[in-house]
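Structural features, examined
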Amino acid sequence: MTTLRIAGGQVLRPDMTVEETDVLVDQDEGEILAVGPADDLPEADETLDADDGLVIPGLVNAHCHAAMTLLRGYADDKPLESWLREDIWPVEAELTPEDVRAGTELGLLEMIQSGTTGFADMYFHVEKVVEAVEDAGLRARLGHGIVTIGRDEAAAREDFETSLEIAAEFDGAADGRISTAVMPHSLTTVGEEYLEEYIPQTRELGVPLHYHANETEDEVSPIVDERKERPLSYARDMDMTDVSDFVAHGVHVNETEIELLAETGTGVIHCPASNMKLASGMAPIQAMLDAGVTVGLGTDGTASNNDLDMFGEMRDAAMLGKLASNDASAVDAESVVRMATEGSATALGFNSGRIEEGANADLAVLDLSASHLTPRHDLVSHLAYAARGSDVIHTICDGNVLMADKEVLIMDERSVRKKAEKRAKDAIERASN
Ligand SMILES: N[C@@H](CCSC[C@H]1O[C@@H](n2cnc3c(=O)[nH]cnc32)[C@H](O)[C@@H]1O)C(=O)O
Ligand SMILES: [Zn+2]
């Protein structure tokens, strides 16, 4: 057994207390072996210094489209519908498998540098996303996004079948770091006849579903008008609200839908920055937490954020949650830290997001010796309100050190950035011709 000790740091425990202690990791199993004072733990093969640092569970970005880093800053300041149709989809139509690989790598680099160790991703050319995740050492639940509207029957079927095939092929890849889901884009972009046909096959396969739901008013009203029922009760009729399933956004949900989510255990991934930027609305997060809904946190793609920094997302979640509830005590620091760790991990079915024996050794260490983190009254408050992704110095996933002392060990930072820059420019040029 090869072991790693994260030594001398302040450690965030699952009950949101912070104590000065060491963490011992079994690198072969990728698991936390023990948490305890240095004197009580056996010697380790390798030690990572966390002196003057805060050790936290690696953050889990539970909804994103990593390769959209290529479109960062390309189209801003528009609402969802026209942003997708006029700007995003035309460029995405030009993206080659190697473009997706390059964009995903850039996303993974940004995640490692900002303490994110796990994520869920909905995109296309997923075999390239798999390769990138395999090489970068992160943990992920991946899937092919399905759109059937505007397509003929053969193309629609092919898209759904691709999603099923990808989910079957890659579940458990990269020594179990990669898991999958079938990912219909949303309840309005995938037709009922296809859901009827393919959801039973998804259930047979035994993988979760992940889809965008109740993101904008424009997405809710057509369903209510046509079916006289709310989108999430339609989803339940379609068998799309299993305890393993998770939806992105959940902005425009009413009380009945919140109850449904709590009852079924279906996770909601809150994406506050994307919701603000696209002016989609304010999700009733405190009400969901009060009802016992599993709430995770995600950045969504970097064209609607525009970064993958989960610290920014925690801060946005707290700020927006208060505004939405008109209550400064709503969505407090502890709640957002839980959302970014345990909440996201639970929604995705990862045994991560908690620093305790037996959990995945997915960790991040922040340097506390920064002016914006002084004084240290309350480190949970700092995580939610004051810390930034750039405060992260070490990142560990599955027991492996991916970044130490701010040096990314698993990929060549410069070449990843250069390749993405070039491929992004070329794709946009092709789309405008
Ligand atoms: N197979 C589909 C691809 C779907 S991938 C998932 C899609 O979600 C899009 N997307 C990104 N952010 C959002 C959002 O906030 N709401 C809805 N869709 C989004 C993204 O641009 C990407 O096209 C096709 O060929 O069109
Ligand atoms: Zn999205």
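Because the structure is predicted, anything quoted here is derived from the model rather than measured.

Quick notes on the UniProt feature "domain: Amidohydrolase-related" (unreviewed entry) in the chain
Within this numbering scheme, the UniProt entry marks residues 54-401 as carrying the feature "domain: Amidohydrolase-related" (unreviewed entry). Between the first and last C-alpha atoms of residues 54-401 the distance is 16 Å; the span itself is 44% helix and 17% strand.

Notes on the nonpolar core
Residues Phe 119 and Phe 160 are the most contacted members of the largest nonpolar core, which totals 111 residues. Three or more residues apiece are contributed to this core by two domains, here domain 1 (3-57 + 359-408) and domain 2 (59-348). With near-sequence residues (within four places) excluded, Phe 160 lies in contact with Ile 146, Val 182, Pro 184, Val 190, Tyr 194, Leu 195, Tyr 198 and Ile 199. Residues Ile 32, Ile 355, Leu 363 and Val 401 belong to the second largest nonpolar core, which totals 18 residues.

Topic: the site of ligand 1
Glu 92, Gly 145, His 185, Glu 215 and Asp 300 are the nearest of the 20 residues found near ligand 1. The contact in question runs from a nitrogen atom of ligand 1 to an N or O atom on the side chain of His 65, over 3.4 Å. At a separation of 2.7 Å, an oxygen atom of ligand 1 approaches a polar side-chain atom of Asp 300. In the complex, the protein chains occlude 92% of the 560 Å² of accessible area that ligand 1 would expose alone. Of all the secondary-structure elements, those providing two or more residues to the shell around ligand 1 are helix H1 (80-92), strand S7 (116-123) and strand S8 (139-146). Looking at the shell around ligand 1 element by element, the count peaks at five residues for H1. Residue composition of the shell around ligand 1, grouped by class: nine nonpolar, six polar and five charged.

Some thoughts on the pattern of salt bridges
Tallied over the entire structure, the rule returns 34 salt bridges. Asp 398 is the salt-bridge partner of Arg 139, the closest N and O atoms lying 3.1 Å from each other. Separated by 259 residues along the polypeptide, Arg 139 in strand S8 and Asp 398 in the loop between strand S16 (392-397) and strand S17 (400-404) bring together distant segments of the chain. On the basis of relative accessibility, which here comes to 15%, the residue Asp 398 falls in the buried class.

Side note on the environment of Ser 329
As for its placement among the helices and strands, Ser 329 is situated in the loop between helix H11 (310-325) and helix H12 (333-348). The class for Ser 329 is exposed, based on a relative accessible area of 53%. Between the C-alpha atom of Ser 329 and that of Ala 318, which follows or precedes it by 11 residues, the distance is 9.4 Å. Here Asp 327 takes part through its side chain, which lies 2.8 Å from a polar atom of the side chain of Ser 329.

Observations regarding the pairing of S17
Of all five residues making up S17, four are buried, and the element is well covered by its neighbours. One ladder, built from three bridges, connects S16 with S17; its direction is antiparallel. Pairing of Thr 395 across the sheet is with Met 403, part of S17. As defined by bridge partners, S17 adjoins strand S18 (residues 407-408) across two bridges and the pair is classed as antiparallel. The residue bridging Ala 404 from the neighbouring strand is Glu 407, located in S18.

Examining the domain arrangement of the chain
Domain annotation for the chain reports domain 1 (3-57 + 359-408) and domain 2 (59-348). A straight line from the C-alpha centre of domain 1 to that of domain 2 covers 28 Å. Contacts between the two partners involve 27 residues from domain 1 and, on the opposite side, 29 residues from domain 2. Of all residues in domain 1, Met 16, Ala 384 and Tyr 385 give up the largest surface area on contact with domain 2, accounting jointly for 28% of the area buried on that side. Run the count over domain 1 and domain 2 and you get two salt bridges. Inspection of the region where domain 1 meets domain 2 yields nine residue pairs in polar contact (both at pLDDT 80 or more). Top element by residues in the side of domain 1 that touches domain 2 is helix H13 (residues 379-386). It accounts for five residues.

Some points on the coordination of the zinc ion (ligand 2)
Around the zinc ion (ligand 2), the protein contributes the donor atoms His 63 (NE2), His 65 (NE2), His 212 (NE2) and Asp 300 (OD), at 2.1 to 2.2 Å from the metal centre. Coordination at the zinc ion (ligand 2) is irregular, judged from the four donor atoms that bind it and the angles of 86 to 166° they form at the metal. Mapped onto the sequence, the residues coordinating the zinc ion (ligand 2) show the spacing H-x1-H-x146-H-x87-D. Here the residue His 212 occupies a position in strand S11 (residues 210-213), and Asp 300 occupies one in the loop between strand S14 (295-297) and H11, the gap between them amounting to 88 residues.

Structural notes on the UniProt feature "binding site: Zn(2+)" (unreviewed entry) in the chain
Per the UniProt record, the feature "binding site: Zn(2+)" (unreviewed entry) sits at His 63, His 65, His 212 and Asp 300. In three dimensions, the annotated residues from a span of 238 residues occupy one location, with a maximal C-alpha spread of 12.0 Å. The class of His 212 is buried, set by a relative accessible area of 4%. Among all residues touching His 212, those that are not within four sequence positions of it are His 63, His 65, Met 122, Pro 184, His 185, Ser 186, Leu 187, Glu 219, Ala 248, His 249 and Asp 300. A polar atom in the side chain of His 212 sits 3.1 Å from the side chain of His 63. Dropping the residues within four chain positions of it, Asp 300 is found in contact with His 63, Cys 64, His 65, His 212, Glu 215, His 249, Cys 271, Ser 274 and Leu 308.

A word on the side chain of Asp 391
Relative to the elements of secondary structure, Asp 391 occurs in the loop between H13 and S16. Here Asp 391 is in contact with Val 365, Leu 366, Asp 367, His 372 and Leu 373, once residues within four sequence places are set aside.

How each quantity is defined
- Residues numbered from 1 in each chain as written.
- Chains lettered and ligands numbered in written order.
- Predicted model: local features only at pLDDT ≥ 70, side-chain atom pairs only at ≥ 80, totals over all residues.
- Heavy atoms only, no water.
- UniProt positions renumbered as here; feature names shortened; annotations may be inferred.
- Helix = DSSP H or I, 4+ residues; strand = E, 2+ residues; numbered from the N terminus.
- Core = buried A, V, L, I, M, F, W, Y, C linked by side-chain atoms within 4.5 Å.
- Buried < 20%, exposed > 50% of the residue type's maximum accessible area, 1.4 Å probe, protein only.
- Domains from an automatic or database assignment.
- Contact = heavy atoms within 4.5 Å.
- Near = heavy atom within 4 Å.
- Polar contact = N/O pair within 3.5 Å; in protein donor to acceptor, adjacent residues only side chain to side chain.
- Areas by Shrake-Rupley, 256 points an atom, 1.4 Å probe, with all protein chains shown as cover.
- Nonpolar A, V, L, I, M, F, W, Y, C, P; charged D, E, K, R; others polar.
- Salt bridge = Lys/Arg side-chain N within 4 Å of Asp/Glu carboxyl O.
- Pairing = 2+ DSSP bridges.
- Buried area = accessible area lost by both parts, 1.4 Å probe.
- Donors = N, O, S within 2.8 Å, 3.2 Å for Na, K, Ca; no water.
- Tetrahedral: all angles 85-135°; square planar, octahedral: opposite > 155°, others 65-115°.

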